[in-house]
Amino acid sequence: MRIAVFGAGSTGCYLGALLSAAKLDVSLICRPRIKDAIIANGGIHISDYQGLDKTVMPYELITEPGEQQFDVVFVTLKCHQLQAALAQLLAITHKSSNLVFMQNGLGSFEAIKDQLGERSCVFGITPFNVLQQGAHFHKGTEGEFVFAKTPATEHIAKTLREQGFHCELKAQMEPVIYGKLLLNLNNALNAVADMPIKQELENKALRRVLAAAMKEWLAVCQAMNIELAQFTKVKPAMVPLVLRLPNWLFKRLASAMLDIDPRARSSMWEDIQAGRKTEIAYLNGAVVALGKQHGVATAVNQAIVTCIEKRECGEEVALADLLMAAKQK
Ligand SMILES: NC(=O)C1=CN([C@@H]2O[C@H](COP(=O)(O)OP(=O)(O)OC[C@H]3O[C@@H](n4cnc5c(N)ncnc54)[C@H](OP(=O)(O)O)[C@@H]3O)[C@@H](O)[C@H]2O)C=CC1
Ligand SMILES: CC(C)(CO)C(=O)C(=O)O
């Protein structure tokens, strides 16, 4: 089984290294800067906050995919990069290839699905944070990769398990994706707050904004009759309540939420810092769009979207606007 990770950046290199460590035949399709960093380092260095520390060289590092075709392709591009990569994705896959789309948020796959022909397409999710420094990819929070359950992912999960690594397989990915979006509503806020996630969560005023954005998403999901998978110690509906607790109680009851690498920041923070386009339309923007369809007010998410859109245009934004939007809830 020939496997490729297409768009190997933070999450893709971590995944590619894990699959390579399990001795699967994995090639990474990545930018030249990533290939150069990996070669200079003698492989991909992966680590986690629980003591994993390993350097592995994948089977091949490809910067210009050509004739080669793969049986399984994990697509780890950002949401807005799928469309531009479509022709390459089609070229490196055949009619019976399996594609696993690993994007956060909603709507990126749907925008290209009609153009993927007969290929079997499923979803996957990265529940944890990956911090990239050169060829070093550090997992800063808990969780394992989640993939839709298919014969191909079952084989991959079994091989990973035999080497002491783990991933989760789910028959139903919709609740996982909707549940993960609840957490990703923090990506934009973290980018605007411009501080590590741990420090942000220790701030009551910022937690209130996040709680308000989450409440809106929970209300939209209720209107759509969709259940959310649980990624935290408490049920999704309880997360906003926990976030609104006073600092002293929050620190005591939600210690697991704060058990994250003190350096971890959201992937949107990285995009904003690098002056790149963000995934806001697929995260808080998706909440606003679905809220409109289902008659649910989403003022806080709209305020967050506006803030990020301004930042994407290089405008300064005031965190105070978001704090105000949440106060009015
Ligand atoms: N980073 C994280 O901690 C987490 C991210 N996620 C989600 O996972 C998804 C992927 O995020 P992440 O791994 O951070 O993204 P990255 O931006 O780190 O990785 C994507 C990589 O693909 C490259 N790329 C884009 N187009 C092509 C192409 N045609 N050929 C080869 N390479 C290409 C990009 O290069 P360039 O930048 O030059 O375009 C970049 O290096 C997102 O939806 C994100 O929200 C989920 C959980 C955690
Ligand atoms: C893990 C998490 C929620 C926060 O880092 C994330 O998905 C991201 O940064 O995109």
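Residues numbered from 1 in each chain as written. Chains lettered and ligands numbered in written order. Predicted model: local features only at pLDDT ≥ 70, side-chain atom pairs only at ≥ 80, totals over all residues.

(A) Representation of the overall build of the chain within the structure. A count of helices and strands for the chain gives 14 helices and twelve strands. A compact globule built from 329 residues should have a C-alpha radius of gyration of about 20 Å, and the chain, at 19 Å, falls within 12% of that. Taking the principal axes of the C-alpha coordinates as reference, the chain spans close to 55 × 40 × 40 Å. For the chain, the residues scored as buried account for 45% of the 329 residues in total. (Helix = DSSP H or I, 4+ residues; strand = E, 2+ residues; numbered from the N terminus. Rg over C-alpha atoms; globule rule 2.2 N^0.38 Å. Buried ≥ 20, exposed ≤ 12 C-beta atoms within 10 Å, placed from the backbone.)

(B) Up close: the site of ligand 1. In the vicinity of ligand 1 lie 24 residues, with G7, G9, T11, N104 and S267 positioned nearest. Sorting the residues of the shell around ligand 1 by element identifies α1 (10–21) and α3 (82–91) as the ones contributing at least two each. With three residues, the single largest contributor to the shell around ligand 1 is α1. (Near = placed C-beta within 6 Å.)

(C) Just the UniProt feature "domain: Ketopantoate reductase N-terminal" (unreviewed entry) in the chain, in detail. Within the UniProt annotation, "domain: Ketopantoate reductase N-terminal" (unreviewed entry) is assigned to residues 3–149. Between the C-alpha atoms that bound residues 3–149 there is a distance of 16 Å. The span itself is 22% helix and 35% strand. (UniProt positions renumbered as here; feature names shortened; annotations may be inferred.)

(D) Layout of the site of ligand 2. Every residue close to ligand 2 is listed here: N104, F128, N129, T141, L183, N184, N187, S266 and S267. For the shell around ligand 2, the element with the highest residue contribution is helix α5 (residues 174–193), accounting for three residues. Here the shell around ligand 2 is built from residues that sort into two nonpolar, seven polar and no charged. Split by domain, the residues of the shell around ligand 2 number at least three in each of domain 1 (3–170) and domain 2 (174–327). (Nonpolar A, V, L, I, M, F, W, Y, C, P; charged D, E, K, R; others polar. Domains from an automatic or database assignment.)

(E) Expanded view of the pairing of strand β8 (residues 120–125). Direction of pairing for strand β7 (residues 93–101) relative to β8: parallel, over a ladder of four bridges. Bridging from a neighbouring strand, V100 pairs with V122 of β8. Note that β8 and strand β11 (residues 146–148) share two bridges and pair antiparallel. In the strand pairing of β11, G124 is matched with F147. (Pairing = 2+ DSSP bridges.)

(F) Seen up close, the domain arrangement of the chain. Domain annotation for the chain reports domain 1 (3–170) and domain 2 (174–327). Using only C-alpha atoms to locate each centre, domain 1 and domain 2 end up separated by 25 Å. In terms of residue class, the side of domain 1 that touches domain 2 is built from eight nonpolar, nine polar and two charged.

(G) Highlighting the sheet that holds strand β5 (residues 60–62). In spatial order, the strands read β5-β2-β1-β6-β7-β8-β11-β12; together these eight strands make up an open sheet with mixed pairing. The open sheet is flanked by β5 and β12 (168–170), the only strands paired with a single partner. Here the strands of the sheet are splayed against their neighbours by 25 degrees on average, with no regard to which way each runs. (Axes fitted to C-alpha atoms, helices over the stretch in contact; angles between N-to-C directions.)

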